[in-house]
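# A closer look at the structure
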There are 2 protein chains.
Amino acid sequence: MRRSPQESQVCSIARALGELGERWTLLILREAYFGTRQFTEFHRRLGVARNILTARLNGLVKAGILTRAVAPGRGGPRVYRLTDKGRDALPAFVALMQWGDRWLDEGREAPVIIVEAATGRPIEAVCVRAGDGRPLAPRELRVIAGPGASAEIRQRFGAADAAPSAKASPPRG
Amino acid sequence: MRRSPQESQVCSIARALGELGERWTLLILREAYFGTRQFTEFHRRLGVARNILTARLNGLVKAGILTRAVAPGRGGPRVYRLTDKGRDALPAFVALMQWGDRWLDEGREAPVIIVEAATGRPIEAVCVRAGDGRPLAPRELRVIAGPGASAEIRQRFGAADAAPSAKASPPRG
């Protein structure tokens, strides 16, 4: 698949997809969030071929999202743990899961729920908020060029220091 | 790619990936959030082959994430707009983009920034919160079986009405 020069410049989505945007990779990450650590458990839970699982786990280790260790002792299992980088992808994961629960249920209710461990109460729906915590609708947002913007992006979205009235394309809401 | 029976049951991530988890699909969605509406604009921005773009746009329309209309007049352009379902995926998109900005910058700074339109101030980092708004770390979360859980999921994660002390696998934090 060809990557255009623009694509890698416009935002971090393209780069994030390079590390997470593969079906099995994200399902492996799901299992890691759910507490799975051993190769054999990943294999059993996902029903994925061992060679594919090995390749995807190796990719996640290389990307710094999981670490691999071999448990002490003869024939100790390979154990995979989330790194800080891997744990930090949790909001994206939870937001995607909640979106699936809201829109893709096909008449079913949520198979799993994420709750606060201390209270047992469901977490809130992940949303986009202003710096002071107010929830924001898509139409209240605007995209502007960041400090790492190319000339093309600055032309498209306006400079980072532009006033709110500057030309820029808001997400449609 | 074989899909295991477990996979479609465990959570909505697998199903969400079925609609969004393809590289070009998510990049098209990115463009839609950034304000792109016309086929020719998607084509120019992404540098993707027309036949692939057509197939992915058709898929997004079929999934109810975009609507398609033809602008009035002779040779009017095809115009794609986000539906409520499409707009509702924004938190997942923003969370993924912010994760990319934090972890994948390769020494670069963020190419684009999302701000509140009214103030021009950057939005906050998307995070997971309790029902009362407190931010929660991964280690403070727990996965439990939901109302749509299969017997296997209930066995794995504990019932939805289980007390906080019930056996369940928390995400590792």
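### Points about the overall build of chain A
The number of helices and strands found in chain A is eight helices and four strands. When its helices and strands are written in sequence order, chain A yields α-α-α-α-α-β-β-α-α-β-β-α. Across the 173 residues that make up chain A, the buried fraction comes to 51%. Put simply, of all contacts in chain A between residues at least 6 apart along the chain, 43% involve residues at least 24 apart.

### A closer look at the packing of aromatic side chains
On inspection of all chains with the given rule, the structure shows eight aromatic pairs over all chains. Their ring planes at 80° and their centres at 6.2 Å tell us that Phe 42 of chain A and Tyr 80 of chain A sit as a pair that is edge-to-face. Of this pair, Phe 42 of chain A sits in helix α4 (residues 39-46) while Tyr 80 of chain A is found in strand β2 (residues 78-82), placing the two residues 38 residues apart along the sequence. Judged by centre distance (5.1 Å) and plane angle (85°), the rings of Phe 157 of chain A and Phe 34 of chain B are edge-to-face.

### Re the interface of chain A and chain B
It is common to give the size of an interface as the accessible area lost on bringing the parts into contact. Taken together, the contact pairs 105 residues of chain A with 105 residues of chain B. Both faces combined, the contact of chain A with chain B buries some 9,500 Å², and carbon together with sulfur accounts for 61% of it. Here Arg 134 of chain A ties to Glu 116 of chain B by a salt bridge, and the two come within 2.9 Å at their closest N and O atoms. In this assembly, chain A and chain B are joined by 24 residue pairs in polar contact (both at pLDDT 80 or more). At 13 residues, helix α7 (residues 90-103) of chain A tops the list of elements feeding residues into the side of chain A that touches chain B. In terms of residue class, the side of chain A that touches chain B is made up of 56 nonpolar, 19 polar and 30 charged. Pairing geometry for strand β3 (residues 112-116) of chain A and strand β4 (residues 141-145) of chain B, over five bridges, is antiparallel. Bridge pairing in β4 of chain B places Ile 114 of chain A opposite Val 143 of chain B.

### Some points on the relation of the copies chain A and chain B
It takes a turn of 180° to lay chain A on chain B, together with a shift of 0.0 Å along the axis; the resulting RMSD is 0.0 Å. Given the turn and translation reported, the copies of this chain are related as if by a two-fold rotation axis. It is Ala 92 of chain A whose C-alpha, among those of chain A, lies nearest the rotation axis, at 2.5 Å. When the interface residues of chain A are mapped onto chain B, 100% of them again fall at the interface, so both copies present the same face.

### Structural notes on helix α3 (residues 23-33) of chain A
All names here are of chain A. Within α3, 11 of the 11 residues are buried, which leaves it mostly tucked inside the rest of the structure. All of the buried residues along α3 are Arg 23, Trp 24, Thr 25, Leu 26, Leu 27, Ile 28, Leu 29, Arg 30, Glu 31, Ala 32 and Tyr 33. Two residues or fewer after α3 comes Gly 35, characterised by a positive phi angle close to 105°.

### Quick look at the pattern of salt bridges
Tallied over the full model, the rule gives 18 salt bridges over all chains. Here Glu 41 of chain A ties to Arg 45 of chain A by a salt bridge, and the two come within 3.3 Å at their closest N and O atoms. With Glu 41 of chain A and Arg 45 of chain A both in helix α4, this residue pair falls four residues apart, about one helical turn. We classify Glu 41 of chain A as partly exposed; its relative accessible area is 24%. A salt bridge links Arg 87 of chain B to Asp 84 of chain B; its shortest N-O distance comes to 2.7 Å. Pair noted here: Arg 87 of chain B and Asp 84 of chain B are both in helix α6 (residues 84-87), with a separation of three residues, about one helical turn. Through salt bridges that share partners, Arg 30 and Glu 31 of chain A together with Arg 156 of chain B make up one connected network.

### So, the pairing of β4 of chain B
In terms of burial, β4 of chain B is a largely internal element, five of the five residues being buried. Burial along β4 of chain B is two-sided: Leu 141, Val 143 and Ala 145 of chain B facing one way and Arg 142 and Ile 144 of chain B facing the other are all buried.

### Examining the state of the cysteines
Per the stated rule, a full pass over the model turns up zero disulfides over all chains. Cys 127 of chain B supplies the cysteine sulfur nearest to Cys 127 of chain A, a cysteine that is in no disulfide, at a spacing of 8.7 Å. Look at Cys 127 of chain A and you get partly exposed, because its relative accessible area is 22%.

### Here we look at helix α5 (residues 50-62) of chain B
All names here are of chain B. In a regular helix each residue adds 1.5 Å, so 13 residues correspond to 18 Å; α5 covers 18 Å between its end C-alpha atoms and thus fits that length. Here α5 has its buried residues at Leu 53, Leu 57 and Leu 60. The buried residues of α5 occupy an angular sector of 60° when projected down its axis, which confines them to one face. Residues of α5 that are exposed and point over 90 degrees away from its buried face: Asn 51 and Lys 62.

### Describing the packing of α3 of chain A against helix α2 (residues 13-20) of chain B
Two numbers describe how α3 of chain A lies on α2 of chain B: the axes approach to 10 Å, and their chain directions differ by 155°. Judged by the inter-axis angle, α3 of chain A sits roughly antiparallel to α2 of chain B. Considering how the two elements wind past one another, α3 of chain A and α2 of chain B form a crossing that is right-handed. Seen from α3 of chain A, the contacting residues are Arg 23, Leu 26, Leu 27 and Arg 30 of chain A; seen from α2 of chain B, they are Ile 13, Ala 14, Leu 17 and Gly 18 of chain B. Grouping the constituent residues of the contact of α3 of chain A with α2 of chain B by class yields five nonpolar, one polar and two charged.

Each value, and the rule that gives it
- Residues numbered from 1 in each chain as written.
- Chains lettered and ligands numbered in written order.
- Predicted model: local features only at pLDDT ≥ 70, side-chain atom pairs only at ≥ 80, totals over all residues.
- Heavy atoms only, no water.
- Helix = DSSP H or I, 4+ residues; strand = E, 2+ residues; numbered from the N terminus.
- Buried < 20%, exposed > 50% of the residue type's maximum accessible area, 1.4 Å probe, protein only.
- Contact = heavy atoms within 4.5 Å.
- Phe/Tyr/Trp six-rings, centres within 6.5 Å; stacked < 30°, edge-to-face > 60°.
- Buried area = accessible area lost by both parts, 1.4 Å probe.
- Salt bridge = Lys/Arg side-chain N within 4 Å of Asp/Glu carboxyl O.
- Polar contact = N/O pair within 3.5 Å; in protein donor to acceptor, adjacent residues only side chain to side chain.
- Nonpolar A, V, L, I, M, F, W, Y, C, P; charged D, E, K, R; others polar.
- Pairing = 2+ DSSP bridges.
- Least-squares fit on C-alpha atoms with pLDDT ≥ 70 in both.
- Disulfide = S-S within 2.5 Å.
- Expected span 1.5 Å × (residues − 1).
- Arc of directions from axis to C-beta.
- Axes fitted to C-alpha atoms, helices over the stretch in contact; angles between N-to-C directions.
- Parallel < 35°, antiparallel > 145°, perpendicular 65-115°, else oblique.
- Left-handed = near helix turned anticlockwise from the far one by under 90°.

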